[in-house]
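# Coordinate analysis (summary)
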Amino acid sequence: MKRMIAATLVLLSAMAAPAFAERAVIRGLDKVTGHAQDYTLTLGRPTRIGTLEVIARACSKNPPEERPEVRVYVEVFDHPPVTEAQPQAQRLEIFHGWMFASSPGLSAVEHPNYDIWAVDCLD
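The following paragraphs examine the structure supplied in this document. Values in this document were obtained by computation on a predicted structure and should not be read as measured data.

Attention now moves to the sheet that holds strand β3 (residues 35-42). The strand order β3-β2-β8 describes an open sheet built from three strands, whose pairing is antiparallel. Each end of this open sheet is capped by a strand with a single partner; those strands are β3 and β8 (114-122). Pairs of neighbouring strands in the sheet enclose a mean axial angle of 25 degrees, with direction left out of account. Pairing of strand β2 (residues 23-30) with β8 involves eight bridges; the strand directions are antiparallel. In the strand pairing of β8, R23 is matched with L122.

See below:
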């Protein structure tokens, strides 16, 4: 009987844990043109959004019976254009951390031309 109760508790705790996904959906906004687009990112693979390179490292969302929340851990790099003053422009890390769909302003990417935020996780 004790084993059955312990197994049930383990199963229930696993069901309530956030599920990690294979892909993340983020929305990118070009502030200059006002154009927004959704991007599906495969974890670990870089995706270009204008001059930004975005790499999603983890994506999870709460189960349907809990308060909706999507969390995406991303690394964001900027590839500034090559100019005469800077003929060898280097990739600059501008953000790394968790983004939360319910609070897009909590962990925002600071960039003059682009804005990105978490939308969803996909299996």
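After that view, the rundown keeps rolling.
What follows deals with the packing of aromatic side chains. Here the structure, examined in full by the defined rule, presents one aromatic pair. Geometrically, the ring pair formed by Y73 and W98 is edge-to-face, given 5.4 Å between the ring centres and 70 degrees between the ring planes. Remark: W98 occurs in strand β7 (residues 92-100) and Y73 occurs in strand β6 (residues 70-78); sequence separation between them is 25 residues. Owing to a relative accessible area of 21%, Y73 belongs among the partly exposed residues under this scheme.

Membership of the largest hydrophobic core comes to 21 residues, with the highest contact counts inside it found for I26, V54, V72, V74, V76, M99 and I116. For this core, the secondary-structure elements that each account for two or more residues are β2, β3, β5 (52-61), β6, β7 and β8. Once you skip the residues sitting within four places of it in the chain, V72 turns out to touch A24, A56, A58, C59, G97, W98, M99 and A118.

The subject of this paragraph is the pattern of salt bridges. Within this structure, the stated rule accounts for four salt bridges. Across the salt bridge formed by E75 and R57, the nearest N and O atoms sit 3.1 Å from each other. In this pair, E75 sits in strand β6 while R57 sits in strand β5, placing the two residues 18 residues apart along the sequence. For K61, the salt bridge is made with D120, and the minimal N-O distance between the two is 3.1 Å. With a gap of 59 residues between them, K61 in strand β5 and D120 in strand β8 connect regions that are remote in the sequence. According to the relative accessible area criterion, D120 is partly exposed, its value standing at 25%.

Cut-offs and rules
- Residues numbered from 1 in each chain as written.
- Predicted model: local features only at pLDDT ≥ 70, side-chain atom pairs only at ≥ 80, totals over all residues.
- Heavy atoms only, no water.
- Pairing = 2+ DSSP bridges.
- Helix = DSSP H or I, 4+ residues; strand = E, 2+ residues; numbered from the N terminus.
- Axes fitted to C-alpha atoms, helices over the stretch in contact; angles between N-to-C directions.
- Phe/Tyr/Trp six-rings, centres within 6.5 Å; stacked < 30°, edge-to-face > 60°.
- Buried < 20%, exposed > 50% of the residue type's maximum accessible area, 1.4 Å probe, protein only.
- Core = buried A, V, L, I, M, F, W, Y, C linked by side-chain atoms within 4.5 Å.
- Contact = heavy atoms within 4.5 Å.
- Salt bridge = Lys/Arg side-chain N within 4 Å of Asp/Glu carboxyl O.

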